[in-house]
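Chains, contacts and geometry: an overview
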Amino acid sequence: MDTATKDRTAQLPQVTDPRNAGIELDLAWVRAAQANTSAIERRAATLPARRSVKKDHQAAWLLKAITCIDLTTLAGDDTPGRVHRLCAKARQPVRRDILEALGMGPITVGAVCVYHEMIAPAVEALRGSGIPVAAVSTGFPAGLSPFHLRVEEIRESVKAGAREIDIVISRRHVLTGNWQALYDELRIFREACGEAHMKAILATGELGTLRNVARASLVAMMAGSDFIKTSTGKESVNATLPVSLVMIRAIREFHERTGHRVGYKPAGGISRAKDALNYLALIKEELGNRWLQPDLFRFGASSLLGDIERQLEHHVTGAYSAGWRHPMG
Ligand SMILES: O=C[C@H](O)COP(=O)(O)O
C-alpha cells in the first residue's frame, strides 16, 4: 500500500464538529422534498461498475471501513460472554501481523452496538479503549411499545453507560404524513439522550417510497439527530444504495442550508468487503472526505468485519482463509 493513500484514508485526523442542535420543523421544506426513483436507481446501479477501487488502494480503504464499523450483536441469545468476545474483536479487529505487513499501527472499530441488557458487559470489556457503546432503543426494532417506556429506555441506557443511542422512529407517522408527530417524538428522544449521540433509524424498507425516505430524513435532522440510519437489520429490505443516495443527498442539503453536519449509517445486510467499498465511494463522491470519518459515517454490521479480514489476509499472503477462522463473538 502506498503511503500517500494510507495517509489519505486510514489515518485522517479525527475532527469533531459541534453537535446538530436541530432547527424548528420546516414543513414547507419537508413537503418540497422529492425523489426521482428511476434517476436514483440508475445512478446507484452505475456505482459498483464505475468505482472499482484500484487494487493497491483497496487495503487502505478496507482499513478505513473497519474504523467505521459499529460492530453489532442484536440477538435474543446474546450473553455477556459473546459480548466480551465481540469487544475483544472491536479492540483488535485485525491480526497484528497483517497490520504490520500493511505498515499500519493498531486500529479499532467505530463502536460496539448491543441491546440494553448487554450495555454493562460491553462497557466493562471496552474500558480504557475509547470505543463507545451504542445501544438500540425505543422498543427496537418495531418501536411500538408505550411511548413513555421508549423514552425511559433511552434514559436507562444512557445511565448504564451507552454513549450512542440508536432509536427507531414510528413508521406510521411517515406513512400518514404526520411530520409534526414525527418531529415531536424525535425531539423528546433527543432530549432524553442528553450527552449521548442520537442515531435515528428510519427503517427505510418500511417507509413505502423514496420520497418518504427523503422527507423522514429531513425531519429527523431538523429534530436534532446526530446520525440518520437506514435500518434495524430486521426489516425484509435493509440498507440499499438507492436509499443511501436519497439519505446522503438530504444530509448534504441539510448541511448546505443549516451548516450542521449529520452522520450517516447504512445498516443491515452489509456483509461483503466489496459492498463496503461501494458505500465508501458513494460517500466520497456525494459528501466528500470529511464524511469518511467515524464521527460522521458508520456501517451497522454484524458480519462485515469477517469478510474484510479475509480480503486483507489475501492482500498480504495471496491466500484466502476460511470464514470460520474469523469468528465475531
Ligand atoms: O444495526 C445493525 C444491524 O442490525 C446489523 O445487521 P446485519 O446483522 O445484517 O449486519
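Residues numbered from 1 in each chain as written. Predicted model: local features only at pLDDT ≥ 70, side-chain atom pairs only at ≥ 80, totals over all residues.

Selection rule: UniProt positions are given in the numbering used here, feature names are shortened, and annotations may be inferred rather than shown by experiment.
Per an unreviewed UniProt entry, the protein carries the name Deoxyribose-phosphate aldolase and comes from Jhaorihella thermophila. UniProt lists a comment for the protein under the heading Sequence similarities (unreviewed entry), and it reads "Belongs to the DeoC/FbaB aldolase family. DeoC type 2 subfamily." According to the UniProt record, the Pathway (unreviewed entry) comment for the protein reads "Carbohydrate degradation; 2-deoxy-D-ribose 1-phosphate degradation; D-glyceraldehyde 3-phosphate and acetaldehyde from 2-deoxy-alpha-D-ribose 1-phosphate: step 2/2."

**Overview of the overall build of the protein**
Under the convention used in this document: Only DSSP runs of H or I covering at least 4 residues are called helices, and only runs of E covering at least 2 are called strands; the numbering of each starts at the N terminus. In this description the radius of gyration comes from C-alpha coordinates, and the expected globular size is given by 2.2 Å times residues to the power 0.38. Exposure is read from a count of other C-beta atoms within 10 Å of each residue's own; the residue is exposed at 12 or fewer, buried at 20 or more and partly exposed in between. C-beta atoms are placed from the backbone. By definition, residue pairs are in contact when their C-beta atoms, positioned from the backbone, come within 7 Å.
Looking only at helices and strands, one finds 14 helices and eight strands in the protein. In terms of C-alpha radius of gyration, the protein reaches 19 Å, essentially the compact-globule figure of 20 Å for 329 residues. In the protein, which comprises 329 residues, the share counted as buried stands at 48%. Considering only contacts in the protein between residues 6 or more positions apart, those separated by 24 or more positions represent 77%.

**As for helix α7 (residues 119-126)**
Just so we agree on the cut-off: Our arc is simply the arc of the directions from the helix axis toward the C-beta atoms.
What α7 keeps buried is the set Ile119, Pro121, Ala122, Ala125 and Leu126. Here the buried residues of α7 occupy an arc of 165° about the axis, which is enough to place them on one side. Buried residues along α7 sit against α5 (80-91), β2 (111-114), β3 (133-136) and α8 (147-159). In the segment just after α7, Gly128 is the residue with positive phi, at about 85°.

**A short note on the packing of helix α11 (residues 210-222) against helix α12 (residues 241-258)**
As a reminder of what qualifies: Every axis in this analysis is a line fitted to C-alpha atoms, fitted for helices over the stretch in contact. Angles between the N-to-C directions lie between 0 and 180 degrees. In this scheme, a crossing is called left-handed if the near helix is turned counterclockwise away from the far one by less than a right angle; it is called right-handed if the turn is clockwise. Note that Gly is not counted as nonpolar here; it falls among the polar residues with everything else outside the nonpolar set of Ala, Val, Leu, Ile, Met, Phe, Trp, Tyr, Cys and Pro and the charged set of Asp, Glu, Lys and Arg.
Remark: α11 packs on α12, axes separated minimally by 9 Å, with the N-to-C direction vectors making an angle of 40°. When the axes of α11 and α12 are compared, the crossing they make is right-handed. From α11, Leu210, Val213, Ala214, Ser217, Leu218 and Met221 reach across to α12, where they touch Pro242, Val243, Val246, Met247, Ala250 and Phe254. For the contact of α11 with α12, the per-class residue count stands at eleven nonpolar, one polar and no charged.

**Some details on the confidence of the model for the protein**
Put simply, the test is: The pLDDT score gives, residue by residue, the confidence of the prediction method on a 0 to 100 scale.
Per-residue pLDDT for the protein has a mean of 93; in total, 91% of the residues score no lower than 70. Of the regions scoring below 50 in pLDDT, residues 1-13 engages in 21 contacts with residues more than four places distant in sequence or in other chains. Interface confidence in the predicted complex, given as ipTM, is 0.96; pTM for the same model is 0.93.

**Here we look at α11**
What counts is decided by this rule: Expected span, for any helix, means 1.5 Å times one less than how many residues it has.
In this model, α11 (13 residues) spans 18 Å end to end at C-alpha, consistent with the 18 Å of a helix rising 1.5 Å per residue. Burial analysis of α11 places twelve of its 13 residues in the buried class, which makes it a mostly covered element. Where α11 is concerned, the buried positions are Leu210, Asn212, Val213, Ala214, Arg215, Ala216, Ser217, Leu218, Val219, Ala220, Met221 and Met222. Of the residues flanking the end of α11, it is Gly224, one or two places downstream, whose phi is positive at about 100°.

**Focus on the site of the ligand**
Let me state the cut-off plainly: A residue counts as near a molecule or strand when its C-beta atom, positioned from the backbone, falls within 6 Å of it.
Every residue near the ligand is listed here: Thr72, Leu74, Cys113, Thr232, Gly233, Ala267, Gly268, Gly269, Gly300, Ala301, Ser302 and Ser303. Of the residues that constitute the shell around the ligand, the class distribution is four nonpolar, eight polar and no charged.

**Examining the sheet that holds strand β5 (residues 197-201)**
Inclusion rule: DSSP-based pairing: two strands are paired if at least 2 bridges between them are found.
Strand order in this open sheet of eight strands is β7-β6-β5-β4-β3-β2-β1-β8, and the pairing throughout is parallel. The sheet is open, and its two edges are formed by β7 (263-265) and β8 (299-301), each paired on a single side. On average, adjacent strands in this sheet sit at an angle of 25° to one another, irrespective of strand direction. Note that strand β6 (residues 227-229) and β7 share three bridges and pair parallel.

**Describing the pairing of β3**
Each regular strand carries side chains that alternate between the two faces of the sheet. Keep this limit in mind: Orient the strands so they point away from the viewer, and a crossover whose first-strand-to-second-strand path over the helix runs clockwise is right-handed.
Here β3 shows no split at all, with Val133 and Ala135 on one side and Ala134 and Val136 on the other all buried. In terms of handedness, the path from β2 via α7 over to β3 forms a crossover that is right-handed. Bridge analysis of β3 against strand β4 (residues 164-168) gives three bridges, and the strand direction is parallel. Directly across from Val136, in β4, lies its bridge partner Asp166. Regarding the hand of the β-α-β motif, the stretch spanning β3, α8 and β4 is right-handed.

**Structural notes on the environment of Glu256**
Inspection of the secondary structure assignment puts Glu256 in helix α12. Spatially, the C-alpha atom of Glu256 lies 45 Å from that of Gly81, the residues being 175 residues apart in sequence.

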